[in-house]
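Examination of the molecular architecture
One letter stands for each residue in the lines below.
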Amino acid sequence: MVGEGARRGLDAVGVDFFVSHAGRDRAWAEWVAWHLVEAGYTVELGCWDWAVGENFLARMYRALDAASRVVALFSPAYFEELRYTTEEWTSALVKGEGGHRLVPVRVEPCAVPRLLRPLVCVDLVEVGEAEAVRRLVAAARGPARPDGKPVFPGRGRAGVLTEGGQAGPRLPGVLPAVWNVGPRNPGFVGRDAMLVQLRERLRSGGTAVVQALHGRGGVGKTQVAIEYAYRYAGAYEVVWWVSAEQTSLIGEQYAALSTELDVAPPRADTVSAVGALRAYLRGHDRWLLVLDNAESPQELREWLPAGPGHILITSRNPSWGELATRIEIDVLPRPDSRELIHVCRPGVEEADANRLAEALGDLPLALAQAAGFLAETGMPVDHYLRLLTTHAEELLDQSPPQSHPHSLAAAIRISTDRLAKIDPAALALVRIGAFLAPDPIPADILTHPITTVDCDQPPELKALTATVTSPVAAHRSLGRVGSYGLARTLDRGLQLHRLTQAILRDHLPTEHTAAYRSYAQVLLVAADPGNERDPGNWPRWAQILPHLLATDPASSPSPHLRDLACRAAMYLWHRGERHPFCDLAEHLYRQWREHLGPDDRHTLEAAGTLVRALSDLGSGRQARQLGEDTLTRCRRMLGNDHPVTLKVAHHFGSCLHEVGAFEQSRQLNADTLARRRRMLGDEHDLVQQVAHNLGINLRELGEVETARQLHEDILAYRRRTLGEDHPLTINTATELGLDLHALGQINEARQMHQDCLTRAQRVLGEDHTWTLGFATDLARDLNALGEHETARQLSEDTLARAQRVLGEKSYYTIEIANELATALLALGQLEAAQQLSEDTLTRARRISGDNHPRAHKAARNLATARQLLGKAEPSPQDDSRSPRGPRRV
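These numbers come from a predicted model, not from an experiment. (Residues numbered from 1 in each chain as written. Predicted model: local features only at pLDDT ≥ 70, side-chain atom pairs only at ≥ 80, totals over all residues. Heavy atoms only, no water.)

So, the overall build of the protein chain
Quick note on the threshold: By the criteria applied, helices consist of DSSP H or I runs no shorter than four residues and strands consist of E runs no shorter than two, each listed in order from the N terminus. Relative accessibility thresholds used throughout: buried, under 20% of the residue-type maximum; exposed, over 50%; partly exposed, between the two (1.4 Å probe, protein chains only). Only heavy atoms enter the contact rule, under which two residues are in contact if any of them lie within 4.5 Å. Note that accessible areas follow from Shrake-Rupley with a 1.4 Å probe, and for residues the cover is restricted to the protein chains shown. His residues and chain termini do not enter the charge count, which takes Lys and Arg as positive and Asp and Glu as negative. Lysine's charge is taken at NZ, arginine's at CZ, aspartate's at CG and glutamate's at CD.
Helix and strand content of the protein chain: 39 helices and 14 strands. A buried classification covers 55% of the 889 residues belonging to the protein chain. At a minimum sequence separation of 6, the contacts of the protein chain that also span at least 24 residues come to 69%. For the protein chain, the accessible area works out to roughly 37900 Å², and carbon and sulfur atoms hold 50% of it. Of note, the protein chain has its 99 positive side-chain charges centred 1 Å away from the centre of its 112 negative side-chain charges.

Okay, structure coming up:
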């Protein structure tokens, strides 16, 4: 081995060999390095010689420079794209003299790049260990004639002994004499980084020699343990697999190992045999015990032997912190999921494999089952995916792989049956989670006390109602859900896999389904995050939104849940998520219109919200038609002063402005403002919202000074009640800046808009809809002040963001395109300005009509570009109204 002093001297004096290998071939790398050192060479190997925290790339390049030769371990993994091994072998080729610096060693069958094919390669595939050592050392020594009779090239199982009698690492792939691990899974894919991490932790000594692989059912904990045992078998003399699910049977399995080691006679009693085994393990190293499917850390503690060997535990229970270092195993990365499908079901198209992986949530057991079922039945992928939405439990009970004792559905049923006996409240928690989203569920939502209890509730729900009165008992039940592998236990809650959810729902008796769904909905209503306009509440809205959508509020009979859904849509609007906002508003409107009728209060509120969404995204004419119909229905069914009527009027007023109906918008906003003032008084945010929009109307209609005074009053109110950095305060400040711009106070407007943009970037982010609008306002000021290059740079960046976030139809996108065209014209980039203005004019007319200021500005820019290019045409009449439309609230 390389000692500490030798390791410190590697960089100073250089080494004979640097071992270049892929991470998954670490066992081979250690074997090769060990035998080269035994043969008298100096070796640098990253996993031996590079400390944690060092710069990996710097050490790699230093090692390549310092080493006389580079041993490259050829395998399929070695030649994968994006690995640093490519840089290592290419560097060795470039710097070699006559091509002899690289020593190719093939450790697995693989395709070799064309550039390396002419090189003579040492082949260690399918040879015995003694022969492999001879070939390796011969390659290191260089060409030489044999000094004796060649040895017979047979294979063996025993480890190679050094001159001092100490066993070196066994040839990777050659199993130790004491071994009882089941068959290796030929379909195992991925997990390379995890296996390397596990190997390093086990080699580090100390308390980390006990490692616990934990995770939900179906993620492949046992398969990772089996793969580790095979991949690193050469590092051990003893590898013993113990089924640890029932601790009462562990003693017999330990006794069998003691007999295999010949430390206890075959007929010895269990206590004596286990005692003899413990004594043996204390005095020997290079042993590995795998305790598979352990359930209870408390019960397993007494079965963990002492000694310098390694212990690997697999468990659904994450609570191993006092006994072992934990490694959580989760679902596969998407590329590995697709590879697993192709391994189990060759011939599946890449797109179909991706759809299967998405639908199955990248869960390895489910992927293997699905691929196996498709192979057995020949069912098309489309048909399978349709069945998965309606018959999940039945489908996921089919074709369990040979490497797993149960199907996914059966494993979940086993866990829920056990949980029902031990902790009915925990079973209720996981069943409630089945009706929520496969996202983290905060613990305080799941364990919130519900005071109203239906007498027809399932007994588990009644048990939960009693349990959650005690926070300690409630969190103990949450922990039990995780310990049975039905969910990931997070710091502040649970997370269920979508297939687990589907199987749990399908497994419920029909008469209990409605009760659990209703309970989940009640919990969400109780978790109301508060005012959706307040950024301080947005993190909580973000937490509950996926769960709210999963309960499908569009089909819920709960009016409280429907109210929450309407507010959730407006949360998305305030958050700047315009497309998700529109999707949710449209879904709610269509579902409620169908199930509740067009005149229902919630249908009308969703319709008003959809009016706002369509208008924002450029569907102004459609929004106007819906707005007129909805407001008429509201006034007839609810009355002129009903809160929903006034909310719809507020949205419709914004819509009218966007389509160029400025006077109608002003009249409607003035009426809405008067009604809200009469009902709520001046000091109310809903009143200030309408006044804000009325100020925009006034500016558009030429009453700029009146608009300025109104916006100054609103800004003072919002600064006092909301603070300087609240989005609504910033929004009003930028409208005041537009008033100043229209009054000719350009420098003052520029300062205000720069401040607004800076605050918005900090509070809302650079891609928020309002931030994009504030950048447009500043670009307009810059153009007016002659700072066209700065305006161009800002406009180009903002336009790219607007196109990506909002699309081409949004009025935000049109407005920033107009400002960019203005800057291009001033900078003499006429062709670009003409092309941009032609496109912008076409979209502005289609969205807002010919008479809207946005269309006028695009037309002026186009006429100017044509005139300067010698394509003279009459300039359109100048429009003196406001330079842009609003960011209305």
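A few points about the packing of aromatic side chains
To keep it simple, the criterion reads: Any pair of Phe, Tyr and Trp rings, taking the six-membered ring for Trp, is counted once the centres come within 6.5 Å. Such a pair is stacked with planes under 30 degrees apart, edge-to-face with planes over 60 apart, and tilted for the rest.
If you walk through the whole model with that rule in mind, you get 14 aromatic pairs. Look at W28 and W31: their rings are 5.8 Å apart centre to centre, the planes differ by 80 degrees, and that puts the pair in the edge-to-face class. You can see W28 and its partner W31 sitting in helix α2 (residues 26–38), three residues apart, about one turn around the helix. Judged by its relative accessible area of 9%, W28 is buried. For W31, a relative accessible area of 0% gives the class buried. Here Y228 and Y232 contribute two aromatic rings whose centre-to-centre distance is 4.9 Å and whose plane-to-plane angle is 40 degrees, an arrangement assigned as tilted. Using a relative accessible area of 0% as the deciding quantity, one classes Y228 as buried. For Y232, a relative accessible area of 1% translates into the label buried. One aromatic cluster in this structure is built from F74, Y78 and F79.

Points about the sheet that holds strand β4 (residues 102–106)
The cut-off we apply is this: The rule for pairing is simple: two strands pair if DSSP sees at least two bridges between them. Axis geometry follows a simple rule: fit a line to the C-alpha atoms, using only the stretch in contact for helices, then measure angles between N-to-C directions, giving values from 0 to 180 degrees.
Strand order in the open sheet formed by five strands is β2-β1-β3-β4-β5, with parallel pairing between adjacent strands. In this open sheet, the two strands that pair with only one neighbour each are β2 (43–44) and β5 (122–123). Where strand β1 (residues 15–20) lies against strand β3 (residues 67–74), five bridges are found, and the strand directions are parallel. Looking at β3, one finds that F17 is bridged to R69. The strands that helix α4 (residues 56–66) touches are β1, β2 and β3; relative to β3, the one it contacts most, it runs at about 115 degrees.

Quick word on helix α28 (residues 620–637)
Note: α-helices contain 3.6 residues per turn, so residues at a spacing of three or four share the same orientation. Keep this limit in mind: The span one expects for a helix is its residue count, reduced by one, times 1.5 Å. Taking the helix axis as origin, the arc is that swept by the directions to the C-beta atoms.
Here α28 contains 18 residues, and its C-alpha end-to-end distance of 25 Å stays within 8% of the 26 Å for a straight helix at 1.5 Å per residue. Among all positions of α28, only G620, A623, L626, G627, T630, L631, R633 and C634 are buried. Seen from one end, α28 has its buried residues packed into an arc of 165 degrees, which puts them on one side. Lining the buried residues of α28 we find α26 (578–596), α27 (601–616), α29 (643–658), α30 (662–680) and α38 (830–848). Remark: G639 follows α28 within two positions and exhibits a positive phi of approximately 100 degrees.

Section: the pairing of strand β7 (residues 210–214)
Most of β7 is tucked away: five of the five residues are buried. Every second residue of β7 is oriented toward a common face, with V210, A212 and H214 on one face and Q211 and L213 on the other, all of them buried. Note that β7 and strand β11 (residues 325–328) share four bridges and pair parallel. From the neighbouring strand, H214 faces β11, where its bridge partner is E328.

Looking at the sheet that holds β7
Strand order in the open sheet formed by six strands is β6-β8-β9-β10-β7-β11, and the pairing between neighbours is parallel. Edge positions in the open sheet fall to β6 (178–179) and β11, since each of these has one partner strand only. Here five bridges tie strand β9 (residues 287–294) to strand β10 (residues 310–315), and the two strands are oriented parallel to one another. Residue L289 lies in a different strand from β10, and its bridge partner there is I311. Along the sheet face, helix α8 (residues 221–231) touches β6, β7, β8 (238–243), β9 and β10 and points at about 160 degrees away from the line of β10.

A few points about the packing of helix α34 (residues 746–763) against helix α35 (residues 769–784)
Our working rule: Oblique is the label for every angle not falling under 35 degrees (roughly parallel), over 145 degrees (roughly antiparallel), or within 65 to 115 degrees (roughly perpendicular). Left-handed describes a crossing whose near helix is turned anticlockwise from the far helix through less than a right angle; right-handed describes the clockwise counterpart. Note on residue categories: nonpolar means Ala, Val, Leu, Ile, Met, Phe, Trp, Tyr, Cys or Pro, charged means Asp, Glu, Lys or Arg, and polar means any other residue, Gly included.
Their axes nearest at 9 Å, the elements α34 and α35 cross at an angle of 155 degrees. Comparing their axes, α35 and α34 come out roughly antiparallel. In the crossing of α34 with α35, the sense of the turn from one axis to the other is left-handed. Contact with α34, carried on its side by I746, A749, R750, H753, Q754, C756, L757, A760 and Q761, involves T771, F774, A775, D777, L778, D781, L782 and A784 of α35 and no other residues of that element. For the contact of α34 with α35, the per-class residue count stands at 10 nonpolar, four polar and three charged.

Description of the nonpolar core
If you look at soluble globular proteins, the nonpolar side chains tend to sit buried side by side. Basically, it comes down to this: For the purposes of this section, nonpolar cores are sets of buried Ala, Val, Leu, Ile, Met, Phe, Trp, Tyr and Cys residues that join through side-chain atoms within 4.5 Å.
Counting 171 residues, the largest nonpolar core has Y384, L396 and I432 as its most contacted members. Those residues in contact with I432 that lie beyond four places of it in its chain are L446, L461, L464, Y516, Y519, A520 and L523. Ranked by size, the runner-up nonpolar core spans 29 residues in total, among them L45, W48, L124 and A132.

As for helix α6 (residues 129–141)
Spanning 13 residues, α6 covers 18 Å between terminal C-alpha atoms, matching the ideal 18 Å at 1.5 Å per step. When α6 is considered as a whole, its buried residues turn out to be E129, E131, A132, V133, L136, V137 and A140. As for α6, its buried residues are in contact with β1, α2, β3 and β4. Trailing α6 by a residue or two, G142 shows a phi angle of about 105 degrees, which is positive.

Structural notes on unusual backbone geometry
Despite not being glycine, N293 has its phi angle at roughly 60 degrees, a positive value. On the secondary structure map, N293 appears in strand β9. Non-glycine residue D362 carries a positive phi angle of around 60 degrees. For D362, the location among the structural elements is in the loop between α13 (350–359) and α14 (364–377). For D362, a relative accessible area of 10% corresponds to the buried category.

Examining the environment of L545
Here L545 is to be found in helix α24 (residues 538–550). Put simply, L545 and A565 are 20 residues apart on the chain and 8.7 Å apart in space, counted from C-alpha to C-alpha. In this structure, L545 is in contact with A568, Y571 and L572, ignoring residues within four places of it in sequence.

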